[in-house]
Amino acid sequence: MSEWYKEDLAFIHDDGFRDFALKSAPGILEILAQNKIHSGLVVDLGCGSGLWANELIKANYQVFGVDISESMIAIAQTRVPQAEFQVGSLFKIEIPPCHGVTSVGECLSYLFDSDNNRQTLIQLFGRIYQALMPGGVFIFDIAEVGQVAQGNTTQKFTEGKDWVVLVEKEEQRSQNILTRRIITFRKVGEHYRRDDEIHRVQLYRATQIATNLRQIGFRVQTTRNYGSYYLPKGNVAFVARKPFPD
Ligand SMILES: C[S@@+](CC[C@H](N)C(=O)[O-])C[C@H]1O[C@@H](n2cnc3c(N)ncnc32)[C@H](O)[C@@H]1O
């Protein structure tokens, strides 16, 4: 059982934080279409509860989704039985030959897998490049440096019908790491059940990531929006295309 996005936070993320995936979906489908990818396999890294996978299936793609959280994958399998899902780290799974790779919601930034570092991230970019068909695209977003003012701690709560989530954020500028301390309360029967998680997120600079992708051979564009959906402040998206051979 992984320590992150356990049963209650997976449920709360699916119920209360679905906007990112659902509002990004039309714009990402548009990017696939602009690249003449109208069908075929899309690999979704950090697929969560399968919200985006569901939109891909509805649009006639095949989907292979990977997530480190068993609880997220359990929801995804129920939501999208037509897709294939696997529990595992996106830094370790084998990426099958495909037309597109997506990673929506800063999944590459999370430090859940202790092997996530600059080197393994660049190796992942290389493996994605190898797996993509010529003309294929890798679309993803990451969290950038500067989410919380230096020396500050922010606290926020969000509530749903039968849950509350409290999040405290702090950024360690020396290592460019954002720590989110998360406390959830979810109503189960008569009572509210408490759970706690700590999420550490590596923060990047868009220019460095774009350079890493170009060195591998990708043609890269950065964007602050997927179609009409503007990403939250401090997030940036990349559209990295594997060119056709000359
Ligand atoms: C903010 S959620 C986004 C989920 C989904 N893409 C969405 O947009 O709804 C981040 C997801 O990344 C997953 N994740 C983080 N690190 C991972 C890793 N190393 N391998 C696989 N999944 C990972 C988490 O379990 C979580 O489901």
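Analysis parameters
Residues numbered from 1 in each chain as written. Predicted model: local features only at pLDDT ≥ 70, side-chain atom pairs only at ≥ 80, totals over all residues. Heavy atoms only, no water. Salt bridge = Lys/Arg side-chain N within 4 Å of Asp/Glu carboxyl O. Helix = DSSP H or I, 4+ residues; strand = E, 2+ residues; numbered from the N terminus. Pairing = 2+ DSSP bridges. Axes fitted to C-alpha atoms, helices over the stretch in contact; angles between N-to-C directions. Domains from an automatic or database assignment. Contact = heavy atoms within 4.5 Å. Buried area = accessible area lost by both parts, 1.4 Å probe. Polar contact = N/O pair within 3.5 Å; in protein donor to acceptor, adjacent residues only side chain to side chain. Nonpolar A, V, L, I, M, F, W, Y, C, P; charged D, E, K, R; others polar. Phe/Tyr/Trp six-rings, centres within 6.5 Å; stacked < 30°, edge-to-face > 60°. Buried < 20%, exposed > 50% of the residue type's maximum accessible area, 1.4 Å probe, protein only. Lys NZ or Arg CZ within 6 Å of the ring centre and 35° of its normal.

Enquirer: Would you explain the pattern of salt bridges in this entry?
Expert: Where side chains of opposite charge bring their charged atoms close, a pairing between them can arise. Applying the stated rule across the entire model yields 16 salt bridges. A salt bridge links Asp-113 to Lys-92; its shortest N-O distance comes to 2.8 Å. Here Asp-113, found in the loop between strand S4 (98-103) and helix H5 (118-131), pairs with Lys-92, found in the loop between strand S3 (84-87) and S4; they are 21 residues apart in sequence, far enough to count as distant.

Enquirer: Help me understand the sheet that holds strand S7 (residues 163-172), please; the structure alone is not making it clear to me.
Expert: In sheet architecture, strand pairing relies on hydrogen bonds along the backbone and comes in two forms, parallel and antiparallel. Taking strand neighbours across the sheet as the criterion, the four strands line up as S6-S7-S8-S9 in an open arrangement whose pairing is antiparallel. Every other strand in the sheet has two partners, leaving strand S6 (153-159) and strand S9 (191-202) as the edge strands with one partner each. On average, each strand axis in the sheet is tilted by 15° relative to the strand beside it, whichever way the strands run. With seven bridges connecting them, S6 and S7 associate as antiparallel partners. Looking at S7, one finds that Thr-158 is bridged to Val-165.

Enquirer: Even after reading the chapter, I still don't get the domain arrangement of the protein, so can you show me in this structure?
Expert: Interfaces are often sized by the amount of accessible area the parts lose when they come together. Looking at the protein, the domain boundaries give domain 1 (7-144 + 204-241) and domain 2 (153-201). Summarising the inter-unit geometry, the C-alpha centres of domain 1 and domain 2 are found 23 Å apart. Taken residue by residue, the interface counts 15 residues in domain 1 and 16 residues in domain 2. Taken together, the two surfaces of domain 1 and domain 2 that pack against each other cover about 1500 Å², and 60% of this comes from carbon and sulfur. For the interface between domain 1 and domain 2, the tally reads five salt bridges. Residue Arg-193 pairs with Asp-8 through a salt bridge whose shortest N-O separation is 2.6 Å. Along the contact surface separating domain 1 from domain 2 lie six residue pairs in polar contact (both at pLDDT 80 or more). At seven residues, helix H1 (residues 7-16) tops the list of elements feeding residues into the side of domain 1 that touches domain 2. Looking at the side of domain 1 that touches domain 2 residue by residue, the class counts come to eight nonpolar, two polar and five charged.

Enquirer: Before we go on, may I ask you to explain the packing of aromatic side chains in this structure?
Expert: Note on aromatic pairs: each is described by the distance of the centres and the angle between the planes. Scanning all chains against the criterion turns up twelve aromatic pairs. Geometrically, the ring pair formed by Tyr-110 and Phe-112 is tilted, given 4.7 Å between the ring centres and 50° between the ring planes. Tyr-110 sits in the buried class, given a relative accessible area of 11%. A relative accessible area of 12% places Phe-112 in the buried class. Taking 5.8 Å as the distance between ring centres and 40° as the angle between the ring planes, the aromatic pair formed by Phe-125 and Phe-140 counts as tilted. Note that Phe-125 is positioned in helix H5 and Phe-140 in strand S5 (residues 132-143), a separation of 15 residues in sequence. The class for Phe-125 is buried, based on a relative accessible area of 0%. Geometry around Tyr-129 places Lys-242 over its ring, the cationic atom sitting 4.9 Å from the centre.

Enquirer: Explain the sheet that holds S5 to me, please; I cannot follow it from the model alone.
Expert: Read across the sheet, seven strands follow the order S3-S2-S1-S4-S5-S13-S10 without closing on themselves; strand pairing throughout is mixed. What marks the edges here is a single partner per strand, and that holds for S3 and strand S10 (219-223). Averaged over all pairs of adjacent strands, the angle between strand axes in this sheet comes to 15°, irrespective of strand direction. Relative to strand S13 (residues 235-241), S5 is paired through seven bridges, and the arrangement is antiparallel. Paired with Ala-143 across the two strands is Asn-235, which belongs to S13. Contacting strand S1 (41-45), S4, S5 and S13, helix H2 (residues 19-34) runs over the sheet at an angle of about 150° to S5.

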